[in-house]
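Spelled out, the chains give:
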Amino acid sequence: MKISVDQTKCCGSGMCVLTDPDLFDQSEDDGTVVLLQEHPDAAHEATAKEAAGLCPAGAITIS
Amino acid sequence: MTELISEKLPTTRQNPFDPPAEVTRIREQARISRLRFADGHLGWLVTGHHQVREVLGSPKFTTDPAKHHQLDARFQGEAPEEGRKVEPGMFLSQDAPDHTRLRKMLQGQFTVRRMNQLSEWIGTIVDDQLKHLRSFEGRADLVKEFALPVPSLVICALLGVDYDERHRFQEDTAKMLSLESTFKEAMEAIRRIQDFMRELIERKKANPGGDDMISDLLATGEPTDEEASNMALLLLLAGHETTANMLGIGAFTLLQHPDQLKILRDEPEVVDNAVEELMRYLSIIHFGPVRTATEDVEIDGHLIKAGDTVLMHVPVANRDPEKFPGNPEELDLRRPAGGHVAFGHGIHQCLGQQLARIEMRIGFSRLFQEFPDLRLDIDPEEVPLRTDMGIYGVHSLPVAWSA
């Protein structure tokens, strides 16, 4: 599994960090998404998908 | 296919906690249907959860109120254009790129980490307010003494607004949001709050370096004074009206669902999800938000034409069994409630949602820990509901406890 994030789409809602802080963080500067793990381990696959689904701006894609 | 047309949006609730049953029936027939607006425009009513997300997530709709056909005749026809013109800094009513530029200036201040760092401080505010509540020796209005002061104190401190000056905006906020205000009254109220915010911005510019969000915003040198003052106004309104009403009607809801309240008391770890479920169950807006298509767009098999206005019904979408299987009409604090659209969806999703979550988690859990025998001090039928206000909730909530 691979996670991609698009900072230009991100609106800083924080839903991804709320869902899995091991995978996502937010920039101190403008609150946009910072990806911590591009390839999540099996234990984080479900939350990665959940975060992508919850993202209001469609800024997270899973492939 | 014959389309379902509603000539008027049903707005009468059959009980305090549920959206109008007629709108639920519309969703059961068609998650996207047609709705007549005040000027005769045949627009759209979206009641399905997935469909609401699709519209709110699409860049082919504008949030600019000047582009919307109005549901409420007060704002149609005789209402001057002035009232709907979007002023600089009102990013909630702006599209990209203005919205993006302005929201980005604030996003860094509302991150999950920043808000978590405020937990202890918010806890102190909640505890102090509970002490204040206890000073009433057995009975008080929970809205006046707890639900409204907590978020007001929090947002005033965060923005660097003197809480003792709240009379300068609280009454006018109510006038702005009242569905019974005339257009003129609402406009006058907003002008007075704008004067207050302009003074605030001037004061902060004269005394730079303050430890608050508005001082930080001004220090970036990015917004114009007019933008900064309208952005601050938006944060002030959004910060105290919404959470206050969730705390008020949320407490009423829990008192009327003793089995659920017991879960919250016995299993403190359920509180994070309880807040999501209360948000899903209550939504606290009557209906909305509204968007207008800027180009032809297909949503779930329906062709929405450029210029068509779409009214989304968040309270009914949050009860959509396709998204929340089982019995979505019931309050169930253990239900996976994530993904509700009570904070909206798309790029305008609530900027302060992480702050609101923390205020509610601490607010609900400590209220019911500290007052284990809290009860209604009025016939539930008599609780004054905010059916007359843009943001739903209770006007007051008389409660009692063993002093």
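Residues numbered from 1 in each chain as written. Chains lettered and ligands numbered in written order. Predicted model: local features only at pLDDT ≥ 70, side-chain atom pairs only at ≥ 80, totals over all residues.

**Here's the deal with the overall build of chain B**
Next up, step 1: If you tally the helices and strands in chain B, you get 15 helices and eleven strands.
Next up, step 2: What you see for chain B is a C-alpha radius of gyration of 21 Å, in line with the 22 Å of a compact globule of 403 residues.
Next up, step 3: Along the first, second and third principal axes, the C-alpha atoms of chain B reach 60 × 55 × 40 Å.
Next up, step 4: Counting every position in chain B, which comprises 403 residues, the buried fraction comes to 43%. (Helix = DSSP H or I, 4+ residues; strand = E, 2+ residues; numbered from the N terminus. Rg over C-alpha atoms; globule rule 2.2 N^0.38 Å. Buried ≥ 20, exposed ≤ 12 C-beta atoms within 10 Å, placed from the backbone.)

**Concerning the overall build of chain A**
Next up, step 1: In terms of regular secondary structure, chain A is built from two helices and four strands.
Next up, step 2: Starting at the N terminus, the α and β elements of chain A follow one another as β-α-β-β-α-β.
Next up, step 3: Against the globule reference of 11 Å for 63 residues, chain A gives a C-alpha radius of gyration of 10 Å, in line with a compact fold.
Next up, step 4: Projecting the C-alpha coordinates of chain A onto the three principal axes gives extents of approximately 30 × 20 × 15 Å.
Next up, step 5: Long-range pairs, those at least 24 residues apart, make up 57% of the contacts in chain A between residues at least 6 apart in sequence. (Contact = placed C-beta atoms within 7 Å.)

**A word on the interface of chain B and chain A**
Next up, step 1: The partner chain A presents 17 residues to the 17 residues of chain B that form the contact.
Next up, step 2: Residues that form the side of chain B that touches chain A fall into these classes: three nonpolar, eleven polar and three charged. (Nonpolar A, V, L, I, M, F, W, Y, C, P; charged D, E, K, R; others polar.)

**Side note on the sheet that holds strand β10 (residues 375–376) of chain B**
Residue and element names in this part refer to chain B.
Next up, step 1: Pairing is antiparallel across the open sheet formed by three strands, whose spatial order is β5-β11-β10. The open sheet has two edge strands with one neighbour each: β5 (139–141) and β10.
Next up, step 2: Sheet analysis places β10 next to strand β11 (residues 398–400), joined by two bridges and oriented antiparallel. Counterpart to L376 in the pairing with β11 is V399. (Pairing = 2+ DSSP bridges.)

**Comments concerning the sheet that holds strand β3 (residues 42–46) of chain B**
All names here are of chain B.
Next up, step 1: Strands sit in the order β1-β2-β3-β9-β6-β4 across an open sheet of six strands; the sheet is mixed. Edge strands, defined here as strands with exactly one partner in the open sheet, are β1 (5–6) and β4 (61–62).
Next up, step 2: When strand β6 (residues 290–293) meets strand β9 (residues 309–312), the two strands line up antiparallel, connected through three bridges. Across the sheet, the residue bridging to T292 is T309, located in β9.
Next up, step 3: Its contacts with the sheet put helix α2 (residues 49–57) on β2 (32–36), β3, β4, β6 and β9, and the angle it makes with β9 is roughly 135°. (Axes fitted to C-alpha atoms, helices over the stretch in contact; angles between N-to-C directions.)

**Quick word on unusual backbone geometry**
All names here are of chain B.
Next up, step 1: Here the amide bond leading from A96 into P97 is cis, since omega sits at 5°, within 30 degrees of zero.
Next up, step 2: Structurally, P97 can be placed in the loop between β4 and α3 (98–107).
Next up, step 3: A cis geometry characterises the amide bond from G288 onward to P289, with omega recorded as 0°.
Next up, step 4: Turning to its location among the elements, P289 is positioned in the loop between α13 (271–282) and β6.

**Observations regarding the nonpolar core**
Residue and element names in this part refer to chain B.
Next up, step 1: One finds A147, L159, M231, A232, L236, V310 and M312 to be the most contacted residues of the largest nonpolar core, which totals 117 residues.
Next up, step 2: The biggest single contributor to this core is helix α11 (residues 225–255), with 15 residues.
Next up, step 3: Setting aside residues up to four positions removed in sequence, M231 forms contacts with G89, F91, L102, L106, L217 and P223. (Core = buried A, V, L, I, M, F, W, Y, C linked by C-beta atoms within 7 Å.)

**Some words on the packing of α13(B) against helix α15 (residues 353–370) of chain B**
Residues and elements named next belong to chain B.
Next up, step 1: In the contact formed by α13 and α15, the axes pass within 9 Å of each other and the chain directions differ by 110°. When the interaxial angle is binned, α13 and α15 end up roughly perpendicular. When α13 is examined against α15, the residues V271, D272, A274 and V275 are found in contact with a partner set consisting of R357, M360, R361, F364 and S365. (Parallel < 35°, antiparallel > 145°, perpendicular 65-115°, else oblique.)

**Remarks on α13(B)**
One turn of an α-helix holds 3.6 residues; hence residues three or four places apart share an orientation.
Residue and element names in this part refer to chain B.
Next up, step 1: Counted at 1.5 Å a residue, the expected span for α13 with its twelve residues is 16 Å, and the 16 Å between its end C-alpha atoms agrees.
Next up, step 2: Most of α13 is tucked away: nine of the twelve residues are buried.
Next up, step 3: Buried within α13 are the following residues: A274, V275, E276, E277, L278, M279, R280, Y281 and L282.
Next up, step 4: S283 lies just past α13 and shows a positive phi near 55°. (Expected span 1.5 Å × (residues − 1).)

**Some points on the environment of B:R280**
All names here are of chain B.
Next up, step 1: Within the fold, R280 resides in helix α13.
Next up, step 2: Judged by the 26 C-beta atoms lying within 10 Å of it, R280 is buried.
Next up, step 3: On a C-alpha basis, the gap between R280 and A317 in space is 9.2 Å, while along the polypeptide they are 37 residues apart.
Next up, step 4: In this structure, R280 is in contact with N318, A337, H340 and A342, ignoring residues within four places of it in sequence.

**A short note on the environment of B:L385**
All names here are of chain B.
Next up, step 1: Turning to its location among the elements, L385 is positioned in the loop between β10 and β11.
Next up, step 2: Residue L385 is classed as partly exposed on the basis of its C-beta count, with 16 C-beta atoms lying within 10 Å.
Next up, step 3: Along the chain, L385 and R366 lie 19 residues apart, while their C-alpha atoms are 24 Å from each other.

**Some remarks on the packing of helix α5 (residues 119–134) of chain B against helix α7 (residues 149–159) of chain B**
Residues and elements named next belong to chain B.
Next up, step 1: Axis separation between α5 and α7 bottoms out at 10 Å; the angle between their running directions is 140°. One finds that α5 runs oblique with respect to α7. Judged by the twist between their axes, the crossing of α5 over α7 is right-handed. On α7, the residues that touch I122, I125, V126 and Q129 of α5 are P149, V150, L153 and V154.
Next up, step 2: Across the contact of α5 with α7, the residue classes break down as seven nonpolar, one polar and no charged. (Left-handed = near helix turned anticlockwise from the far one by under 90°.)

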